[in-house]
Amino acid sequence: MSIKIDTKLESNLLNSIANKKIDLSDVVSEYPNDYLKGLNILFINMPLRESAIPNTPPQGPALLASRLREYGANPLILDLNSYRFPKENSENEFRCLTFEEAEKLFLQYLSKYGDQDVIAFSGMITTLRWQEFMASVSRKYQPKTFLLSGGGLATQLKAGLFQWIDELDAIAHSEGDDIILIVGKHLIEKKKKNINFNTSTNPYYIGKINGFDRYVYAGDRPKDLERLPFAAWDLLEKDVNGEEVLEKYIRTPVWGADANNSSAAPFKMKRSMTTVSSRGCPYACTFCYRGGQGERRYGVRCEKNLAKEVKWLIDKYNIDFVGFPDDNFAVDRRRTAKLPEAFKDINIKWGTHTRLDEADDRLEGMAESGCVYIGFGAESASPEVLNYMKKGGFILKK
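Residues numbered from 1 in each chain as written. Predicted model: local features only at pLDDT ≥ 70, side-chain atom pairs only at ≥ 80, totals over all residues. Heavy atoms only, no water.

## Focus: the sheet that holds strand 2 (residues 74-79)
Turning to step 1, where the next piece is worked out: The seven strands are arranged 2-1-5-6-7-9-8 in an open sheet whose pairing can be described as mixed. Edge positions in the sheet fall to strand 2 and strand 8 (205-209), since each of these pairs with one other strand and no more. Strand-to-strand twist across the sheet, computed as the mean angle between neighbouring axes with direction ignored, equals 20°.
Turning to step 2, where the next piece is worked out: As paired elements, strand 8 and strand 9 (residues 212-218) share four bridges and run antiparallel to each other. Opposite I209, over in strand 9, you have F212 as the bridge partner.
Turning to step 3, where the next piece is worked out: Contacts between helix 5 (residues 128-141) and the sheet are confined to strand 1 (40-45), strand 5 (118-122) and strand 6 (146-150), with strand 5 contributing the most and set at about 170° to the helix.
Turning to step 4, where the next piece is worked out: Strands strand 1, strand 5, strand 6, strand 7 (170-173) and strand 9 of the sheet are contacted by helix 7 (residues 179-191), whose axis makes an angle of about 145° with strand 9. (Pairing = 2+ DSSP bridges. Helix = DSSP H or I, 4+ residues; strand = E, 2+ residues; numbered from the N terminus. Axes fitted to C-alpha atoms, helices over the stretch in contact; angles between N-to-C directions. Contact = heavy atoms within 4.5 Å.)

Set out below in structure tokens:
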């Protein structure tokens, strides 16, 4: 398959976003609350770490689903990652769905919920083969549906992903909280025939590839992370067959002695969930890709917003532990200092990740507010290697 992509057009679009010629937050703020009424969108979350029991529910699709609901859309989540089965003759080894099982499950969703206007794939770069398969299945049974790929894979490859998945209509990269509303708006207006979808006035249209119209939607950071609704976890409470998907995640420890992963620790949890507290990273380590979470633009949710969500999760799902799977939770000293006051009336234990050179007095506020676990990544003890990594030649403060 040979595909020619108009890289100049795509580059112009990315520059417009970067230079704030297009401010997505301002665009979507003008939408009336029922603007996306009637839009059906199915998010499909792809399997990860296929031999391990999944313990982190898909917050990305769940956040976008909440955002769409604010404007009247009808989102669904098909979480292919949540299914694990013991391998034959083994109690400790597991497998995920087969392609055939995933296709059957997909058809059950269509049978129950009907045709979808958008089918959106979510997953890291390791999910390419799954996205290829689900794109072919989606196009087979939903030939007129708008197929969109977002998340880590789409963010790393951008328009180059069309070379791998020819069935796709669009790529949505970087942060999707506002861009998913832009996609919905375009499709609603197309259905109403209010716009000519494929013209030079549509900044996301990059032309025809292999005879089909293609789009690249460049996401951006919402102006106010604390304005965003919490994840729509209710969409995962039961699947199309009544299986309690979210409950399986909750009962599987995030970390600790029973987690059966590399993050073992001398404590246990019965009911745990995760939520990301920050986006982006101010550092530039050469081994790390930050594209799907805000690049080097570091942004945090304040301590009060975190406490509000944790209290909501406790009340709704009776959890006893929260994991913040941020790579660098402790970057903002001001926030760590305010955590004890924000969490003083919340009986919860929690954990997260930080850099080793952040293991200083800021950990006191974290511990006082309930933090019992911190995962550190030393990467290397060699000053030369650390310099190549752009970590300054050290992993602890001098």
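Now that the structure has been shown, we can carry on.
## Considering unusual backbone geometry
The phi torsion of most residues other than glycine is negative, and most of the peptide bonds are trans.
Turning to step 1, where the next piece is worked out: Although it is not a glycine, R49 sits at a positive phi angle of roughly 40°.
Turning to step 2, where the next piece is worked out: Assignment of secondary structure puts R49 in the loop between strand 1 and helix 3 (59-69).
Turning to step 3, where the next piece is worked out: Look at R49 and you get exposed, because its relative accessible area is 54%.
Turning to step 4, where the next piece is worked out: The phi dihedral of K158 is positive, around 50°, even though this residue is not glycine.
Turning to step 5, where the next piece is worked out: Relative to the assigned elements, K158 resides in the loop between helix 6 (152-157) and strand 7.
Turning to step 6, where the next piece is worked out: For K158, a relative accessible area of 24% corresponds to the partly exposed category. (Buried < 20%, exposed > 50% of the residue type's maximum accessible area, 1.4 Å probe, protein only.)

## Re the environment of P266
Turning to step 1, where the next piece is worked out: Here P266 shows up in the loop between helix 8 (245-251) and strand 10 (272-274).
Turning to step 2, where the next piece is worked out: The spatial distance from the C-alpha of P266 to the C-alpha of Y373 is 9.4 Å, given a sequence separation of 107 residues.

## Considering the pattern of salt bridges
Turning to step 1, where the next piece is worked out: Within this structure, the stated rule accounts for 25 salt bridges.
Turning to step 2, where the next piece is worked out: Residue R69 pairs with D234 through a salt bridge whose shortest N-O separation is 2.7 Å. Placement of R69 in helix 3 and of D234 in the loop between strand 9 and helix 8 is noted, with a sequence separation of 165 residues between them.
Turning to step 3, where the next piece is worked out: For D234, a relative accessible area of 33% corresponds to the partly exposed category.
Turning to step 4, where the next piece is worked out: As a salt-bridge pair, R334 and D332 come within 3.4 Å of each other at their nearest N and O atoms.
Turning to step 5, where the next piece is worked out: Residue classification places D332 among the buried positions, given a relative accessible area of 14%. (Salt bridge = Lys/Arg side-chain N within 4 Å of Asp/Glu carboxyl O.)

## Some thoughts on the packing of aromatic side chains
Turning to step 1, where the next piece is worked out: Here the structure, examined in full by the defined rule, presents 17 aromatic pairs.
Turning to step 2, where the next piece is worked out: When the ring of Y109 is compared with that of Y113, the centres are 5.9 Å apart and the planes differ by 35°; the resulting orientation is tilted. Residue Y109 and its partner Y113 are located together in helix 4 (residues 99-113), separated by four residues, close to a single helical turn.
Turning to step 3, where the next piece is worked out: Looking at Y109, the relative accessible area reads 6%, which means it is buried.
Turning to step 4, where the next piece is worked out: With relative accessibility at 35%, the residue Y113 sits in the partly exposed group. (Phe/Tyr/Trp six-rings, centres within 6.5 Å; stacked < 30°, edge-to-face > 60°.)

## Some words on the nonpolar core
Turning to step 1, where the next piece is worked out: By size, the foremost hydrophobic cluster in this structure holds 96 residues, and its most contacted members are I44, L80, M134 and Y217.
Turning to step 2, where the next piece is worked out: Here this core takes seven residues from helix 7, the largest share from any one element.
Turning to step 3, where the next piece is worked out: Here L80 is in contact with I44, N45, M46, P47, L97, A102, L105, W130 and M134, once residues within four sequence places are set aside.
Turning to step 4, where the next piece is worked out: V254, A265, F267 and Y373 belong to the second-largest nonpolar core, a separate cluster that totals seven residues. (Core = buried A, V, L, I, M, F, W, Y, C linked by side-chain atoms within 4.5 Å.)

## Digging into the pairing of strand 9
Turning to step 1, where the next piece is worked out: The element strand 9 is largely enclosed, with a buried count of six among its seven residues.
Turning to step 2, where the next piece is worked out: Pairing between strand 7 and strand 9: four bridges, direction parallel. When the bridges of strand 9 are listed, A170 appears paired with Y215.
Turning to step 3, where the next piece is worked out: Two successive antiparallel strands, strand 8 and strand 9, enclose a turn made up of two residues, where N210 displays a positive phi of approximately 55°.

## What to know about the side chain of E189
Turning to step 1, where the next piece is worked out: Residue placement: E189 occurs in helix 7.
Turning to step 2, where the next piece is worked out: A distance of 2.9 Å separates a polar atom in the side chain of E189 from a polar atom in the side chain of K185. (Polar contact = N/O pair within 3.5 Å; in protein donor to acceptor, adjacent residues only side chain to side chain.)

## Details of the packing of helix 4 against helix 5
Turning to step 1, where the next piece is worked out: Close contact between helix 4 and helix 5 brings their axes to 11 Å; oriented N to C, the two are set at 40°. Judged by the angle between their axes, helix 4 and helix 5 are oblique. Seen along the crossing, helix 4 lies across helix 5 with a hand that is right-handed. Side by side, helix 4 and helix 5 meet where F99, A102, E103, F106, L107 and L110 of the first sit next to R129, W130, F133, M134, V137, S138, K140 and Y141 of the second. (Parallel < 35°, antiparallel > 145°, perpendicular 65-115°, else oblique. Left-handed = near helix turned anticlockwise from the far one by under 90°.)

## A closer look at helix 10 (residues 333-342)
Turning to step 1, where the next piece is worked out: Listed in full, the buried residues belonging to helix 10 are R335, T336, L339 and P340. Burial along helix 10 is one-sided: seen end-on, the buried residues are contained in an arc of 150°. The exposed residues of helix 10 that point more than 90 degrees off its buried face are R334, A337 and E341.
Turning to step 2, where the next piece is worked out: The residue sitting at the N-terminus of helix 10 and contributing the capping side-chain oxygen is D332; that oxygen lies 2.9 Å from the backbone nitrogen of R334. (Arc of directions from axis to C-beta.)

## A short note on the sheet that holds strand 10
Turning to step 1, where the next piece is worked out: Spatially, 10-13-14-15 is the arrangement adopted by the four strands of the open sheet, whose pairing is parallel. Every interior strand has two partners, whereas the edge strands, strand 10 and strand 15 (371-376), have only one. Sheet twist, expressed as the average angle between the axes of neighbouring strands with direction ignored, equals 20°.
Turning to step 2, where the next piece is worked out: Examined bridge by bridge, strand 13 (residues 321-324) and strand 14 (residues 349-354) share four bridges and lie parallel to one another. Across the sheet, F324 pairs through a bridge with T352, a residue of strand 14.

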